[in-house]
Amino acid sequence: MKIGSKIKQLRMVNGLTQSELADRSELTKGFISQVERDLTSPSIATLVDILQALGTNLNEFFSEDEPEQIVFHDPEYFEKIDEEYHNKYEWIIPNAQKNEMEPIRLTLGPGGSTMPDNPHDGQEFGYVISGSVTITLGKQKYVAKKGESFYYTADKTHFLSSKNGAVIIWVSSPPSF
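Keep in mind that this is a model prediction, so the values were computed, not measured.

Digging into the overall build of the chain
Here is step 1 of the chain: Looking only at helices and strands, the chain has 5 helices and 9 strands in total.
Here is step 2 of the chain: Counting from the amino terminus, the chain carries its helices and strands in the arrangement α-α-α-α-α-β-β-β-β-β-β-β-β-β.
Here is step 3 of the chain: Scaling as 2.2 N^0.38, a compact globule of 177 residues should have a C-alpha radius of gyration of about 16 Å, whereas the chain reaches 26 Å, well beyond that.
Here is step 4 of the chain: When burial is assessed residue by residue, the chain has 36% of its 177 residues classed as buried.
Here is step 5 of the chain: Put simply, of all contacts in the chain between residues at least 6 apart along the chain, 59% involve residues at least 24 apart.
Here is step 6 of the chain: Surface summary for the chain: the accessible area is close to 11,200 Å², and the carbon and sulfur share equals 51%.

What follows is the structure, encoded as structure tokens:
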């Protein structure tokens with residue numbers, strides 16, 4: 001395994017020059033340069049010193065784990081069309097059901113609504129991107145328009161509806177979709 005480029009990348013992320021890394025790991029700048037260009041290989045003890053100066057360790061350095069995905073794009077979204085209730089659900093974070101919350105972009109068609117949801121432990125949050133929605137919580141109704149948000153605990157029967165259609169971002173915690 002060539003480790004030089006990985007050491008160089010860590011050095012740069014830490015904002016260190018080769019001289020600074022050499023000083024912190026009690027080596028010479030020339031040796032650090034040779035390691036980064038894979039012209040020489042450090043002993044395990046020397047590699048431990050370099051990695052320690054870079055704020056990591058052997059286990060993390062050689063870990064093959066994929067970095068956590070932070071940004072998601074449209075092609076990764078999962079879509080479900082609900083003909084009965086006239087809406088489209090788009091899971092905008094793939095596999096979000098494994099997370100503590102589940103965000104969805106919900107498009108309610110004119111006269112559309114969500115299926116009534118039974119009371120459960122959790123909270124739900126929404127932000128209206130366009131149109132307006134009526135939030136029904138038990139026997140109470142609330143209206144949220146474009147640019148407004150809503151939040152409620154899901155301890156009552158609840159659902160959303162829209163006379164003229166709406167697009168919202170809807171977040172459920174824990175995931176319930």
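Still to come is the rest of the account.
So, the pattern of salt bridges
Here is step 1 of the chain: What the rule picks out here adds up to 3 salt bridges.
Here is step 2 of the chain: A salt bridge links R11 to E36; the shortest N-O distance between them is 2.5 Å. Remark: E36 occurs in helix α3 (residues 29-36) and R11 occurs in helix α1 (residues 4-13); sequence separation between them is 25 residues. No difference in accessibility class separates R11 from E36, as the two residues are buried.
Here is step 3 of the chain: Of the charged contacts, one joins K88 and E79 as a salt bridge, the two residues approaching to 3.9 Å between their closest N and O atoms.
Here is step 4 of the chain: Classification of K88 as partly exposed rests on a relative accessible area of 26%.

Some thoughts on a nonpolar patch on the surface
Here is step 1 of the chain: Judged by side-chain polarity, F125, Y127, I129 and Y151 come together as a nonpolar surface patch covering roughly 390 Å² of accessible area.
Here is step 2 of the chain: Top contributing element to the nonpolar patch by residue count: strand β5 (residues 123-137), with 3 residues.
Here is step 3 of the chain: You can call I129 partly exposed: its relative accessible area is 36%.

Criteria and cut-off values
Residues numbered from 1 in each chain as written. Predicted model: local features only at pLDDT ≥ 70, side-chain atom pairs only at ≥ 80, totals over all residues. Heavy atoms only, no water. Helix = DSSP H or I, 4+ residues; strand = E, 2+ residues; numbered from the N terminus. Rg over C-alpha atoms; globule rule 2.2 N^0.38 Å. Buried < 20%, exposed > 50% of the residue type's maximum accessible area, 1.4 Å probe, protein only. Contact = heavy atoms within 4.5 Å. Areas by Shrake-Rupley, 256 points an atom, 1.4 Å probe, with all protein chains shown as cover. Salt bridge = Lys/Arg side-chain N within 4 Å of Asp/Glu carboxyl O. Patch = residues over 30% accessible without salt bridge, like charges linked within 9 Å, V, L, I, M, F, W, Y side chains within 5 Å.

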